[in-house]
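Structural characterization, general
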Amino acid sequence: MLDLFKYWMKWWRHILIFCVVAIILSVIVSSPFIMKPYYQSKIIFYPANPSINDRGVLFNERNVVLDNFGSKDDINRFLSIANSGEIVTFMVDSFKLRVHYRIKEPGYYYVSREFSSNYKAIKNDLGAIELQIMDTDPVLAQKMVKAALHQIDKIYRQIVSENKRANFELLNNESEWESRALRLLADSLNRLKSHSDYSYDKDGNLIGDESLRMLNKQFDAQNDYVKTLYFLTNQFNISLSDKYPSVYIVEDAVVPEKKVKPIRWLIVGLTAVASFIIATIIIILIEIIQHVRITKETSEF
């Protein structure tokens, strides 16, 4: 350690000049003219519980209390969509990022890599989802993060509604099929009535021969079944509405006023420390080489 201190005292002017030059260069390199400042805009939200607009919940068929916010699985689905290649491609094409980033290489690899380095979709410590986008243009950063959430929400809604829509179409087809069967029963019943003697009691029950009563009973049962199908079909159709919220925004995206990188003081500070260490290593090597040379010359004499 004493030798090292002696080296510093001996070479202090050289070390000082080396460090000062390195610091000046770091100030120049980290200036806004060379290293453009980046601004970050972010939006924080919770996904909504997709069960909130289920048919059974909307029409009070389930005696349960549901949380408005989604589960961990809903959050993971949102994050999977947010970090998918589909979102990256959408953002690249929508905002013409190839031109914005000045990337000349064809294809999506380089421009997607550049966007991905400035984009982050994570779950924070409170369980909410954060979308973060950095850009040299603060206004563009805000627009991009809002567009990203809109597209993620759109894809998420499509995924959630697929199962509901499949059930709706299945139920709607069943309703149409059973309606045709009901019309055939109605025609058969009317033809049979035209050739039969019948009447109704005070409760509205048909009085007539056995075949007419059995056909009328079958018609009533089919009619009730078709009414139930159409009732359920209408409920499923209402539950397919996209007017229900799928996200609850906690913190909306704003135009950032303060840059997040580069941190000039940190760059300059690290450069000063690194240059001092490098200079120390260099003078130690020089002293070792000089010592070896002197020792060699002495031994020759």
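Residues numbered from 1 in each chain as written. Predicted model: local features only at pLDDT ≥ 70, side-chain atom pairs only at ≥ 80, totals over all residues. Heavy atoms only, no water.

1. Side note on the nonpolar core
Side chains of nonpolar character tend, in soluble globular proteins, to be buried together. The cut-off we apply is this: By nonpolar core we mean a set of buried residues, namely Ala, Val, Leu, Ile, Met, Phe, Trp, Tyr and Cys, connected to one another through side-chain atoms within 4.5 Å. Per-residue accessibility, obtained with a 1.4 Å probe over protein chains only, is compared with the maximum for each type, and a residue is labelled buried under 20%, exposed over 50%, and partly exposed between these values. Note on conventions: DSSP H or I runs of at least 4 residues are helices, E runs of at least 2 residues are strands, and numbering of each starts at the N terminus.
Counting residues in each nonpolar core, the largest one holds 31 residues, and the members touching the most others are Phe115, Tyr119, Leu131, Ile133 and Ile152. Elements supplying a minimum of two residues to this core: β1 (38–47), α4 (72–82), α5 (85–94), α7 (109–117), β2 (119–123), β3 (129–135) and α8 (138–194). Here this core takes 8 residues from α8, the largest share from any one element.

2. A few points about unusual backbone geometry
Phi is positive for lysine 96, close to 50 degrees, though the residue is something other than glycine. Here lysine 96 is to be found in the loop between α5 and α6 (97–100). Lysine 96 gets classed as exposed once you look at its relative accessible area, which sits at 58%. Its identity is not glycine, yet arginine 102 carries a phi of approximately 60 degrees, on the positive side. Topologically, arginine 102 is positioned in the loop between α6 and α7.

3. Quick notes on the layout of surface pockets
Just so we agree on the cut-off: Points on a 1 Å grid, built from protein atoms alone, make a cavity when a 1.4 Å probe fits but cannot get out and make a pocket when they are open with protein on both sides within 12 Å along at least 5 of 7 lines; residues with an atom within 4 Å of a point are the lining residues. Grid points are joined across faces, edges and corners, and a volume is the space filled by probe spheres set on the points. Three classes are used: nonpolar for Ala, Val, Leu, Ile, Met, Phe, Trp, Tyr, Cys and Pro, charged for Asp, Glu, Lys and Arg, and polar for all others, with Gly counted as polar.
In this structure, the second largest pocket spans a volume of roughly 190 Å³. Forming the walls of the second largest pocket are Lys36, Tyr38, His100, Tyr101, Arg102, Glu114, Asn118, Asp135 and Thr136. Along the lines of polarity and charge, the residues of the lining of the second largest pocket split into 2 nonpolar, 3 polar and 4 charged.

4. Quick notes on the side chain of asparagine 118
The line we're drawing: Any two residues whose heavy atoms approach within 4.5 Å at even a single point are treated as in contact.
Position of asparagine 118 relative to the elements: it lies in the loop between α7 and β2. For asparagine 118, the residues in contact, after removing those within four places along its chain, are Tyr38, Tyr101, Gln132, Ile133, Met134 and Lys261.

5. A word on a nonpolar patch on the surface
Where we set the bar: Grouping into patches uses exposed residues only, defined as over 30% relative accessible area, and leaves out salt-bridged ones; the cut-off is 9 Å for like charges and 5 Å for nonpolar side chains (Val, Leu, Ile, Met, Phe, Trp, Tyr). Where accessible areas are quoted, they stem from the Shrake-Rupley method and a 1.4 Å probe; at the residue level, only the protein chains shown are allowed to cover. Whenever Lys or Arg places a side-chain nitrogen within 4 Å of a carboxyl oxygen from Asp or Glu, that contact is recorded as a salt bridge.
On the surface, a cluster of nonpolar side chains totalling about 1,200 Å² of accessible area is made up of Trp12, Leu16, Ile17, Val20, Val21, Ile24, Leu25, Ile28, Val29, Phe33, Ile34 and Met35. Its location among the elements puts valine 29 in helix α2 (residues 12–29).

6. Looking at the packing of α5 against α7
A packed helix pair is summarised by two numbers, namely the angle formed by the two axes and the spacing between the axes. Our working definition: Here, axes are lines fitted to C-alpha atoms. For helices the fit covers the stretch in contact, and angles between N-to-C directions go from 0 to 180 degrees. If an angle is under 35 degrees, it is roughly parallel; if it is over 145, roughly antiparallel; if it lies from 65 to 115, roughly perpendicular; otherwise it is oblique.
The geometry of α5 relative to α7 is characterised by a closest axis approach of 10 Å and an angle of 100 degrees between their N-to-C directions. Judged by the angle between their axes, α5 and α7 are roughly perpendicular. Residue-level inspection shows Val88, Met91 and Val92 of α5 in contact with α7, the latter providing Val111, Ser112, Phe115 and Ser116. Here the residues of the contact of α5 with α7 sort into 5 nonpolar, 2 polar and no charged.

7. Observations concerning the pattern of salt bridges
Oppositely charged side chains can form a pair if their charged atoms are brought close together. Applying the stated criterion across every chain yields a total of 4 salt bridges. Between aspartate 252 and lysine 146 there is a salt bridge, and its shortest N-O distance comes to 3.1 Å. One end of the pair, aspartate 252, is in the loop between β6 (247–251) and β7 (259–261); the other, lysine 146, is in helix α8, and 106 residues separate them in sequence. Looking at aspartate 252, the relative accessible area reads 36%, which means it is partly exposed. Between aspartate 153 and arginine 157 there is a salt bridge, with its nearest N and O atoms 3.3 Å apart. Here aspartate 153 pairs with arginine 157, and both are found in helix α8, just 4 residues apart, close to one helical turn. With a relative accessible area of 13%, aspartate 153 lands in the buried category. What makes arginine 157 partly exposed here is its relative accessible area of 25%.

8. Concerning α2
Side chains of residues three or four places apart in an α-helix project in the same direction, reflecting 3.6 residues per turn. We apply this condition: By this rule the span expected of a helix is its residue count minus one, scaled by 1.5 Å. When we speak of the arc, we mean the arc of directions from the helix axis to the C-beta atoms.
An ideal rise of 1.5 Å per residue puts 26 Å on 18 residues; α2 measures up with 25 Å between its terminal C-alpha atoms. Along α2, the positions that sit buried rather than exposed are Ile15, Cys19, Ala22 and Ser26. Down the axis of α2, the sector holding all buried residues measures 65 degrees, keeping them to one side. Exposed side of α2, more than 90 degrees from the buried face: Arg13, His14 and Ile17 are the residues found there.

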